[in-house]
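Survey of secondary and tertiary structure
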Amino acid sequence: MIKHGFRRIAGLASAGLAMLLFTTAGALHAQNSTGRVTGVVADSSGNPVDAGDIVALNLANGVSRTVSTRETGGYALAGMVPGDYDITARKIGMGAQTQRIKVGIGQNLIVNFSLRSQTVQLEEITVATAAPETRTSEVATNVTEQQIERLPTPSRNFLDLAALAPGITVSEDRVNGTGFRTFSGGGQSPSSANVFVDGTSLKNDVTAGGVSGQDASRGNPFPRNAIQEYRILSQNFKAEYQKASSALITATTKSGGNVWSGNAFFNFQNQGLLALDTFQLKDKAANSTFTEPDYARYIGGVSLGGPIIKNKLHIFGSYEGNYQNRNNRVAFAPPTGFAALDTVNLSQYNGEFLSPFRETLLFGKLSYAVSPKSSAELSFTNRHETDVRDFGPCCGAGFNSFQEAVNFRQNTTLLQGHYNIFSGPWLNEAKLDYSRFRRNPSPNQSGLPQRLFQVPGADYVIGSNRSTQDFIQKRIGLRDDLTYSGFRAGGQHIFKIGASVDLVKYDILKDNDGTPRFLYNAAYNYQSPFELNYGTGDPALNKKNTQIGMYLQDDWSPTARLTLNLGIRWDFETNMFNTGYVTPQNVVDTLTRYNDSLPTPLDLNRYTTNGSDRKQFYGAFQPRLGFSYALDRENKTTIFGGFGIYYDRSLFDISVDETLKLTHPSYTIRFAAPGVPAGPGEVDWQDSYLTADRAVLDQLVGTFGTPEAWLIDNEAKVPKSRQFNLGVRRQLGTLAVSVTYAGVRSVDQLTMNWANFGLNPNGSCCTSFNTGAHGFSNFIYTTSDAKTWYDALLVQIDRPYRRSSENFGWGAGLAFTYAVRSLQGLDGFGDLGSSFPGAFPNTTNIPKHPANDERARIVANWITDVPYLFGIQFSGLITLGSGNKQDIGGPIRFNPVGYVRGGYSPPGQNFLIFGKWVYRDVSIRLRKDLPSFGRGNLGITADVFNVFNYNNFGCFATPPNQANGDPDPNLGTSTCVVSDARRLQIGAEYDF
């Protein structure tokens, strides 16, 4: 009864919210991408000014808002679009006063006024700059428009600058990188993070990476020339944010103003502008025929914004194109003396082949001041990306032929509408959005069977790529937020309440191993394959999911110096874990018959379901509490802290595999050696089997193959974290300094375990049960046992760029992180939802242990004008890291002798006066503006990445210690670098 009653209430709430949104349909900036201005207006004697007018004028578009002061003299302007404002306080009989401020995304600024009484109201205006934000309990970093535009970032991925926030890690941009452009925080994987653009979530519900389109792409999630600024929240974010248990980014996009303005840019880089790293130089010295691989990258774009109706209707649009060409070299060197291998003629596949990447990013926005008390906005975004890749060198010393290339396509469409109504202390923000995310890797050349030749020390692969995947996530999102700032009881309250409903549909095609792979080796003289891997059956799955969120938060100021942030959030999903799934009867029967013989017997009441055993989770209640207290009246020194519970979500890809591992199973067939009769578990080879014809292969595997069964716990938990922090902020002139302790305890992380494998009594791997003889190759089941611990000291110094004269301005910042992380139930972080998250064969025997990842990191940035050096603007980034420790010998269950957890620390190098650093990078950007003509301004740019050409080594050999305890002489040998050598990028920008 309770369950049905809740569904009815939820349905009515959804319908009511939908009606509200559609009846106010139109479209301003979203709920969690705005700022807030509060303050007190007093007279010259310090008495509150009641019923005064506060007018906020947006200097870019001329749109203004007006609120009245209360009897206490207090006022609140909520839902302020980030930008520059004149805030004016007026009262009849008093002189007006104006303060010019910059409202940043997510910021809560305090702007107080002191008005002088006058016999006649004068319009004398005093203009002053308000102090930066200090009164917030969030651990947050704002990335400004100047930093986005002027700091060196090679690929223009706006996520790169998330590294300016202490505690945040961003994946490396590499010339030959093929993906995983993600960010993470709080000692958790990238899948635990989220990004909001104008209030709409870009969360990837299905596959890893957190942000849609970023788990396997070298592209950008959004055009950078459309991002005005963004805010990185690494701790204690409020109840209005959802679907993140670690860190999140909220970004606001640009809008048109009352003056037409725009920008066009072009950046270029090729192999002639790239230095060689240490290993390439060694290859060049040892090989007289060495040639540097062809490479070119062209990034260009244009943006334009202005008024359609001045002070009323504005438009903005942008385009960015990212075009990259790489040449990958295939160099098969097959062994001689095998006649059958000679007939294949692997050398015919050798050569240089183009690996093109193409990305197009489009954005458009209309902003409309409907009336003095309402505004609307409509925006559209599209991302289209193709990437022909995954051929050439691979797999250690192996190679994939160009036939084996995959074309990795990404497509994202996002349409948003916002409508805001503000009247006195009331603000209502309504939003309707539609998003479609598509991830579609497939063979670049299809229809061929894949053939893998195992030659000494290498694998050579020809034929089509093994898999076709097509993940489509479609979402209709409805959200409404109501803010009321007129309530007083024991101080001033600003209440905010909101609800959201997302109607999500997943259309999935996961044809893994759909291309048959035949394996050859020297033991069979390469005459016939010894093994076939092949997936067959129905690879499609379509599911729906409804996501509901509600929250209430109160920013309560009992006194002028103290603010308490009190909030609670609740989230619910109808089908996160494939709720209506029915375990096939043959799986149930086999488990029932052999469960007691498995190394890890399962509770079949939890791991089999009749379609109603898997319950939905209603308990995602998330209290979020924070405080900030000013130690002085000017709010220059503030102590702050907070505690909160944050639920994430489990990747739906786990539920996909639970179904498709049985409806689309992958089989392994062993073939008998040439001229030898088939033994137990083997099949006699026939030349007709060497085909991509599904009819032939389906008959073969239907006779001899065994599938794999995945089992999701009916009591699987939703991942969550508990976050807590305590810190102090201090305003030192124009510098803002903060020191924070941040703690995170992440629990209930989903991992995969093998029921048919277990550990020996001494903890070594592995005991096994021959499930194949009973119809299944493996039984893989989920647990929610993985945990992480994170404790960090975060130090930040920031001075936003501003001009002190017409020709000179500067800004700088420094972020320092010292973090200690621990894990339980996992060997390494990785993606916790992946099939092999470092927990084989199970999580039970992996105790809490220190993580090997980096302890200390410094990221410094600066932007400065150099008027005496030909008017050049000089900016840059410095990144220093203490490096990752590594285990010697690998996990003890695989290397019981000679294993030392965290036993190897890579050697560090000095940087200026600072200690020793394993990772060092200094990147700079120079811009010279040419003499202006008309309204236009042309600038020439040069970006130099890793300007000192530091070698940041990786891939360290960590073999087990010898039996006598002496280290192996190869210990610490590096075979790769984890960052590129020095590279130059040249470009031009035209602003008008």
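Use the structure listed above.
Presented here is an overview of the structure given in this document. The structure presented is a predicted model; accordingly, all values stated were derived computationally and were not measured.

Description of the pattern of salt bridges
- Counted under the stated rule, the structure contains 50 salt bridges.
- One salt bridge in this structure joins Lys474 and Asp507, with 3.3 Å as the shortest N-O distance. Taken together, the residues Lys474 in strand S27 (residues 468-488) and Asp507 in strand S28 (residues 492-511) connect sequence positions 33 residues apart.
- Looking at Asp507, the relative accessible area reads 14%, which means it is buried.
- Residues Glu658 and Arg614 are paired through a salt bridge, measuring 2.8 Å at the closest nitrogen-oxygen approach. Of this pair, Glu658 sits in helix H7 (residues 652-663) while Arg614 sits in the loop between helix H6 (604-607) and strand S33 (620-630), placing them 44 residues apart in sequence. Arg614 shares its class with Glu658; the two are buried.

Points about the sheet that holds strand S21 (residues 392-394)
- Read across the sheet, eight strands follow the order S21-S22-S26-S25-S29-S30-S35-S36 without closing on themselves; strand pairing throughout is mixed. On the outer flanks of this sheet lie S21 and strand S36 (682-683), each paired with one strand and no other.
- Summarising the sheet, S21 and strand S22 (residues 398-400) pair through three bridges and their orientation is antiparallel. From the neighbouring strand, Cys394 faces S22, where its bridge partner is Gly398.
- Lying over the sheet, helix H8 (residues 694-704) contacts strand S29 (517-521), strand S30 (531-535), strand S35 (666-671) and S36, oriented at roughly 105° with respect to S30.

A few points about unusual backbone geometry
- Residues Cys765 and Cys766 are joined by a peptide bond in cis, for which omega reads 5°.
- The topology assignment puts Cys766 in strand S41 (residues 765-768).
- A positive phi angle is found at Asn949, which is not glycine, with a value near 55°.
- The residue Asn949 is located in the loop between strand S52 (937-945) and strand S53 (953-956) in this model.
- The partly exposed category is assigned to Asn949, whose relative accessible area is 25%.
- Non-glycine residue Cys955 carries a positive phi angle of around 55°.

Quick notes on the environment of Arg36
- Mapped onto the elements of the fold, Arg36 is located in strand S1 (residues 35-43).
- The exposure class of Arg36 is buried, given its relative accessible area of 12%.
- Sequence-wise, Arg36 and Leu826 are 790 residues apart; in three dimensions their C-alpha atoms are separated by 42 Å.
- Every residue in contact with Arg36, bar those within four places of it in the chain, is listed here: Leu77, Ala78, Gln107, Asn108, Leu109, Lys238, Ile494 and Asp555.

So, the sheet that holds strand S9 (residues 139-143)
- Spatial ordering of the open sheet is given by S9-S14-S15-S12-S13, a layout of five strands whose pairing is mixed. Because the sheet does not close on itself, it has two edges, and the strands there are S9 and strand S13 (200-201).
- The sheet contact formed by strand S12 (residues 194-197) and strand S15 (residues 248-253) spans four bridges and is parallel. Each bridged residue has a counterpart across the sheet, and for Val197 the counterpart in S15 is Ala251.

Notes on the environment of Gly881
- Of note, Gly881 is situated in strand S46 (residues 872-881).
- With 39 residues separating them in the primary sequence, Gly881 and Arg920 have C-alpha atoms 6.6 Å apart.
- If we ignore the near neighbours within four places in the chain, the residues touching Gly881 are Glu854, Ala856, Arg857, Trp917, Val918 and Tyr919.

With respect to the pairing of strand S20 (residues 374-389)
- Two elements, strand S19 (residues 351-371) and S20, share 13 bridges in a ladder whose sense is antiparallel. From the neighbouring strand, Arg358 faces S20, where its bridge partner is Thr386.
- Where S19 hands over to S20, the hairpin turn is made up of two residues, counted between the paired strands.

Description of the pairing of S33
- Burial along S33 is one-sided: the residues Ala620, Gln622, Arg624, Gly626, Ser628 and Ala630 are buried and none of Phe621, Pro623, Leu625, Phe627 and Tyr629 is.
- As judged from the 10 bridges shared by strand S32 (residues 562-573) and S33, these two strands associate in the antiparallel manner. Across the sheet, the residue bridging to Leu564 is Phe627, located in S33.
- As paired elements, S33 and strand S34 (residues 637-647) share seven bridges and run antiparallel to each other. Counterpart to Arg624 in the pairing with S34 is Gly644.

Things to note about the packing of aromatic side chains
- In total, this model carries 42 aromatic pairs according to the counting rule given.
- Consider the rings of Phe316 and Phe363, whose centres lie 6.2 Å apart with planes at 55°: the pair is tilted. Residue Phe316 is located in strand S18 (residues 313-330), and its partner Phe363 is located in strand S19; the two are separated by 47 residues in the primary sequence.
- An aromatic cluster is built from Phe196, Phe237, Tyr241 and Tyr646, whose rings are joined through pairwise contacts.
- Sitting above the plane of the Phe422 ring, Arg65 keeps its charged end 4.4 Å from the centroid.
- Cation over ring: Arg799 sits above Trp810, and NZ or CZ is 4.2 Å from the ring centre.

Examining the state of the cysteines
- Evaluation of the coordinates by the stated rule reveals two disulfides.
- Paired through a disulfide, Cys765 and Cys766 show a sulfur-sulfur distance of 1.3 Å. An S-S torsion of about -65° defines the bridge between Cys765 and Cys766 as left-handed.
- By relative accessible area, which is 26% here, Cys765 ends up partly exposed.
- Residue classification places Cys766 among the partly exposed positions, given a relative accessible area of 26%.
- Here Cys955 engages in a disulfide with Cys976; their sulfurs sit 2.0 Å apart. Here the disulfide of Cys955 and Cys976 is right-handed, its torsion about the S-S bond being about 90°. A residue pair is termed long-range when its members are at least 10 positions apart, and Cys955 in strand S53 and Cys976 in strand S54 (residues 974-977) qualify at 21 residues.
- According to the relative accessible area criterion, Cys955 is partly exposed, its value standing at 44%.

Remarks on H8
- Residues Leu697, Leu700 and Val701 constitute the buried set of H8. Along H8, the residues classed as buried sweep out an arc of 90° about the axis, all on the same side. For H8, exposure combined with an orientation more than 90 degrees from the buried face picks out Ala695, Gln699, Gly702 and Thr703.
- The secondary structure elements touched by the buried residues of H8 are S29, S30, S35 and S36.
- Sitting at the head of H8, Asp693 places a side-chain oxygen 2.9 Å from the backbone nitrogen of Ala695.

A closer look at the environment of Ser255
- Relative to the elements of secondary structure, Ser255 occurs in the loop between S15 and strand S16 (261-270).
- For the pair Ser255 and Asp86, spaced 169 residues apart in sequence, the C-alpha separation works out to 18 Å.

Cut-offs used in this document
Residues numbered from 1 in each chain as written. Predicted model: local features only at pLDDT ≥ 70, side-chain atom pairs only at ≥ 80, totals over all residues. Heavy atoms only, no water. Salt bridge = Lys/Arg side-chain N within 4 Å of Asp/Glu carboxyl O. Helix = DSSP H or I, 4+ residues; strand = E, 2+ residues; numbered from the N terminus. Buried < 20%, exposed > 50% of the residue type's maximum accessible area, 1.4 Å probe, protein only. Pairing = 2+ DSSP bridges. Contact = heavy atoms within 4.5 Å. Axes fitted to C-alpha atoms, helices over the stretch in contact; angles between N-to-C directions. Phe/Tyr/Trp six-rings, centres within 6.5 Å; stacked < 30°, edge-to-face > 60°. Lys NZ or Arg CZ within 6 Å of the ring centre and 35° of its normal. Disulfide = S-S within 2.5 Å. Arc of directions from axis to C-beta. Polar contact = N/O pair within 3.5 Å; in protein donor to acceptor, adjacent residues only side chain to side chain.

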